[in-house]
Amino acid sequence: MADYPHDIYSEPEPDPHTLSNLGPLTGLAGIWTSAAGHDVAPKEDGPEAEAYIEHAEFQPIDAQTNGPQILYGLRYHVRIVKPDEVESFHDQVGYWLWEAATGTVIQTLTIPRGQAVMAMGHAAPDAKSFKLEAVRGAATNGILSNPFLEHAFKTLRYDVSVTIHDNASWSYEQVTLLEVLGKPEPFRHTDRNTLHKIGEPTPNPTARAALAQLVAASTSA
């Protein structure tokens, strides 16, 4: 466990500029797309591989404090469709969070299949690649699923590796280990993609307010 201070109530004053405090998550901020996604999922007759098109938006939020803990982060929304289709193949929302004091990266995700996950890992502030994991039954980086998924497609663990590239792109490799009803061995459900930036992030509300104050002060001077 991290060496947390005895005073668990006092809150420090965060920097209003989230985009300057994201550590290894800095390269994820923005709007992204790719038509090169690859998914391998379980089917009754065996694994099925499919291509997918992904659109992802990662926007900075105001810093969050839990007493002395400060988290800077990105709110994200991912929507995935199959080629030549409009129906959502996968929809996902959540947060990517960075705690500089402990070098901790957190991903929270929720999907409308009745599942929520919190994955955690560690990285240096300037890291260009990092890994996170969530494990069934863990108290801090766990997995919760609705009763049907627990019955038929029980998630045992979730691992994701992220790599930030220099050409305004980033990649992920994701493995979800599933216990599928009637199958003798766990199934490795895999997803991977490389996304390319199509839009810049919008500064978080406190950063916009700070900028407005600077503009007002310069105008009145």
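Residues numbered from 1 in each chain as written. Predicted model: local features only at pLDDT ≥ 70, side-chain atom pairs only at ≥ 80, totals over all residues. Heavy atoms only, no water.

The name given to the protein in an unreviewed UniProt entry is THAP4-like heme-binding domain-containing protein, with Variovorax paradoxus as the source organism.

Visitor: Give a detailed account of the packing of aromatic side chains, specifying residues and quantitative values.
Guide: With the rule as written, the count across this model stands at six aromatic pairs. Every member of this aromatic cluster is reached through a ring pair, and the members are Trp 32, Phe 58, Tyr 76, Trp 170 and Tyr 172. (Phe/Tyr/Trp six-rings, centres within 6.5 Å; stacked < 30°, edge-to-face > 60°.)

Visitor: Describe the UniProt feature "domain: THAP4-like heme-binding" (unreviewed entry) in the protein, with residues and values.
Guide: UniProt's feature table lists "domain: THAP4-like heme-binding" (unreviewed entry) at residues 21–197, given in the numbering used throughout. Here residues 21–197 runs as 3% helix and 64% strand, with 20 Å between its end C-alpha atoms. (UniProt positions renumbered as here; feature names shortened; annotations may be inferred. Helix = DSSP H or I, 4+ residues; strand = E, 2+ residues; numbered from the N terminus.)

Visitor: I'd like to hear about the pairing of strand β1 (residues 30–41), residue by residue, with values.
Guide: Sheet topology places β1 next to strand β2 (residues 48–60); 10 bridges connect them, and they run antiparallel. Its bridge partner being in β2, Val 40 is matched across the sheet by Ala 49. Connecting the antiparallel pair β1 and β2 is a turn made up of six residues, with Gly 46 showing a positive phi of about 130°. Of the strand pairs in this sheet, β1 and strand β12 (residues 187–199) are connected by six bridges, and their pairing is antiparallel. Residue His 38 lies in a different strand from β12, and its bridge partner there is Arg 192. (Pairing = 2+ DSSP bridges.)

Visitor: So what about the side chain of Thr 155? Which residues, and what values?
Guide: Within the secondary structure, Thr 155 is located in strand β10 (residues 153–164). With a relative accessible area of 4%, Thr 155 lands in the buried category. A polar side-chain atom of Thr 155 sits 3.0 Å from a polar atom in the side chain of Gln 115. Not counting residues up to four positions away in its chain, the partners in contact with Thr 155 are Gln 115, Arg 136, Ile 143, Ser 145, Thr 176, Leu 177 and Leu 178. (Buried < 20%, exposed > 50% of the residue type's maximum accessible area, 1.4 Å probe, protein only. Polar contact = N/O pair within 3.5 Å; in protein donor to acceptor, adjacent residues only side chain to side chain. Contact = heavy atoms within 4.5 Å.)

Visitor: Explain the side chain of Ser 34 to me, using residue names and the numbers behind them.
Guide: Along the chain, Ser 34 falls in strand β1. A polar side-chain atom of Ser 34 sits 2.7 Å from a polar atom in the side chain of Asn 193. Ignoring anything within four residues of it in the chain, the contact list for Ser 34 reads Tyr 52, Ile 53, Glu 54, Asn 193, Thr 194 and Leu 195.

Visitor: Can you lay out the pattern of salt bridges for me, pointing to particular residues and giving the numbers?
Guide: Note that side chains of opposite charge can pair when their charged atoms are close. For the structure on display, the rule yields seven salt bridges. Residue Glu 133 pairs with Arg 157 through a salt bridge whose shortest N-O separation is 2.6 Å. Residue Glu 133 is located in strand β8 (residues 129–135), and its partner Arg 157 is located in strand β10; the two are separated by 24 residues in the primary sequence. With a relative accessible area of 33%, Glu 133 lands in the partly exposed category. Under the relative-accessibility criterion, Arg 157 is labelled partly exposed at 25%. Ionic pairing is found between Glu 200 and Lys 197, a salt bridge with its closest N-O pair at 3.4 Å. Judged by its relative accessible area of 55%, Glu 200 is exposed. Connected through salt bridges with shared partners, the residues Glu 133, Arg 157 and Asp 159 form a single ionic network. (Salt bridge = Lys/Arg side-chain N within 4 Å of Asp/Glu carboxyl O.)

Visitor: Describe the environment of Met 120, and please don't skip the residues or the numbers.
Guide: Among the structural elements, Met 120 can be located in strand β7 (residues 115–122). Using a relative accessible area of 24% as the deciding quantity, one classes Met 120 as partly exposed. Measuring from C-alpha to C-alpha, the distance between Met 120 and Leu 97 comes to 9.5 Å, with 23 residues separating the pair along the chain. Setting aside residues no more than four positions away along its own chain, Met 120 makes contact with Thr 104, Val 105, Ile 106, Lys 131, Leu 132, Glu 133, Thr 140 and Asn 141.

Visitor: Before we move on, can you summarise unusual backbone geometry with the specific residues and values?
Guide: Where the residue is not glycine, phi is negative for most of them; where a peptide bond is considered, it is trans in most cases. The residue Asp 84 is not glycine, and still its phi comes out positive at about 65°. Along the chain, Asp 84 turns up in the loop between β4 (69–81) and β5 (88–99). Here Ala 168, not a glycine, exhibits a phi torsion of approximately 55°, which is positive. Within the secondary structure, Ala 168 sits in the loop between β10 and β11 (169–180). Of the residues examined, Ala 168 reaches a relative accessible area of 42% and is grouped as partly exposed.

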